[in-house]
Amino acid sequence: MEKIASFTVNHLDLLPGIYVSRKDYVGKEVLTTFDLRMTRPNKEPVMDTAAIHALEHLGATFLRNDAEWKERVIYFGPMGCRTGFYLILAGDLESRDILDLLGRMFQFVMDFEGEIPGASARDCGNYLDMNLSMAKYYAKNYVCQVLEGNIEERMCYPQ
């Protein structure tokens, strides 16, 4: 059996960043999957599930309400390894194309106050497992490390 694409990425040298993980074609339509790597695999602690869950709810809410991008959002969710998120958007896109969108999304998370959208027993299967403070921490860390850092080295997978 062949390895799937994400298992061929060199995780030993992978930095937090914005990577094009794959492009899939559905008929003539292109879906671009982005690897939003938040922590350095195998070198930094993984994100805790409560922070990931809060980030998922806030990020998905922001993305699906963004006037410019909401019609192109297919999926936003965590990686099983807990080092980042996958964002799938309709269109043949590159990392640079979504810098502004990610900046606004993570700013939304950092500024968020109040009840997390969908954080109720009726709306979520594990609504008590959320940590807004840590979600804000990870959002700020991503902005500082990736979006405000040397972005060029954080948009192409290491060989």
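What counts, and where the lines are drawn
- Residues numbered from 1 in each chain as written.
- Predicted model: local features only at pLDDT ≥ 70, side-chain atom pairs only at ≥ 80, totals over all residues.
- Heavy atoms only, no water.
- Pairing = 2+ DSSP bridges.
- Helix = DSSP H or I, 4+ residues; strand = E, 2+ residues; numbered from the N terminus.
- Axes fitted to C-alpha atoms, helices over the stretch in contact; angles between N-to-C directions.
- Contact = heavy atoms within 4.5 Å.
- Buried < 20%, exposed > 50% of the residue type's maximum accessible area, 1.4 Å probe, protein only.
- Left-handed = near helix turned anticlockwise from the far one by under 90°.
- Nonpolar A, V, L, I, M, F, W, Y, C, P; charged D, E, K, R; others polar.
- Polar contact = N/O pair within 3.5 Å; in protein donor to acceptor, adjacent residues only side chain to side chain.
- Expected span 1.5 Å × (residues − 1).
- 1 Å grid on protein atoms, 1.4 Å probe; cavity = no way out; pocket = protein on both sides within 12 Å on 5 of 7 lines; lining within 4 Å.
- Points joined across faces, edges and corners; volume = space filled by probe spheres on them.

Colleague: I'd love a proper account of the sheet that holds strand E3 (residues 73–78), names of residues and values included.
Modeller: Pairing in this open sheet of four strands is antiparallel, and the strands run E1-E2-E4-E3 from one edge to the other. At either end of the open sheet lies a strand with only one pairing partner, and these are strand E1 (17–26) and E3. Along the sheet, successive strands turn relative to each other by an average axial angle of 15°, direction set aside. Pairing geometry for E3 and strand E4 (residues 84–90), over five bridges, is antiparallel. For valine 73, the partnering residue across the bridge sits in E4 and is leucine 89. Its contacts with the sheet put helix H1 (residues 49–65) on E3 and E4, and the angle it makes with E3 is roughly 165°. The sheet strands contacting helix H3 (residues 132–147) are E1 and strand E2 (29–37), and the helix crosses E1 at an angle near 90°.

Colleague: So what's going on with the pairing of E4? Which residues, and what values?
Modeller: The element E4 is extensively covered by neighbouring structure, given that six of its seven residues are classed as buried. The pairing of E2 with E4 spans seven bridges and is antiparallel. Note on E4: the bridge partner recorded for arginine 37 is glycine 84.

Colleague: Got a sec to walk through the packing of helix H2 (residues 99–111) against H3? Specific residues and values, please.
Modeller: Between H2 and H3, the shortest axis-to-axis distance is 8 Å and the interhelical angle comes to 150°. Regarding H2 and H3, the two cross each other, and that crossing is left-handed. Here Leu99, Leu102, Gly103, Phe106, Val109, Met110 and Asp111 of H2 lie close against H3, whose contacting residues are Ala135, Lys136, Ala139, Lys140, Tyr142, Val143 and Leu147. The class makeup of the residues in the contact of H2 with H3 is ten nonpolar, one polar and three charged.

Colleague: Outline the environment of threonine 61, supporting the account with residue identities and numerical values.
Modeller: Along the chain, the position of threonine 61 falls in helix H1. On the basis of relative accessible area, threonine 61 is assigned to the partly exposed category, the value being 26%. Each C-alpha atom of the pair threonine 61 and methionine 130 lies 15 Å from the other, and the pair is 69 residues apart in sequence. Within the structure, threonine 61 has its side chain in polar contact with the backbone oxygen of histidine 57 (distance 2.7 Å).

Colleague: An account of unusual backbone geometry is needed here, citing residue identities and associated values.
Modeller: Here asparagine 42, not a glycine, exhibits a phi torsion of approximately 65°, which is positive. Its location among the elements puts asparagine 42 in the loop between E2 and H1. For asparagine 42, a relative accessible area of 69% translates into the label exposed. Phi at arginine 82 is positive, roughly 65°, even though this residue is not glycine.

Colleague: Which residues make up H1, and what are the values?
Modeller: Think of an α-helix as 3.6 residues a turn; residues three or four steps apart then line up on the same face. In this model H1 runs 24 Å from its N-terminal to its C-terminal C-alpha over 17 residues, within 8% of the 24 Å that 1.5 Å per residue would give. Here H1 has its buried residues at Ala50, Ala51, Ile52, His53, Ala54, Leu55, His57, Leu58, Gly59, Phe62 and Leu63. Next to the buried residues of H1 lie E3, E4, H2 and H3.

Colleague: Kindly report on the layout of surface pockets, identifying the contributing residues and their values.
Modeller: Counted as a void, the largest pocket has a volume near 190 Å³. The wall of the largest pocket is formed by Ile4, Ser6, Phe7, His11, Arg37, Pro41, Asn42, Met79, Gly80, Cys81, Thr83 and Tyr86. Partitioned by chemical class, the residues of the lining of the largest pocket number six nonpolar, five polar and one charged.

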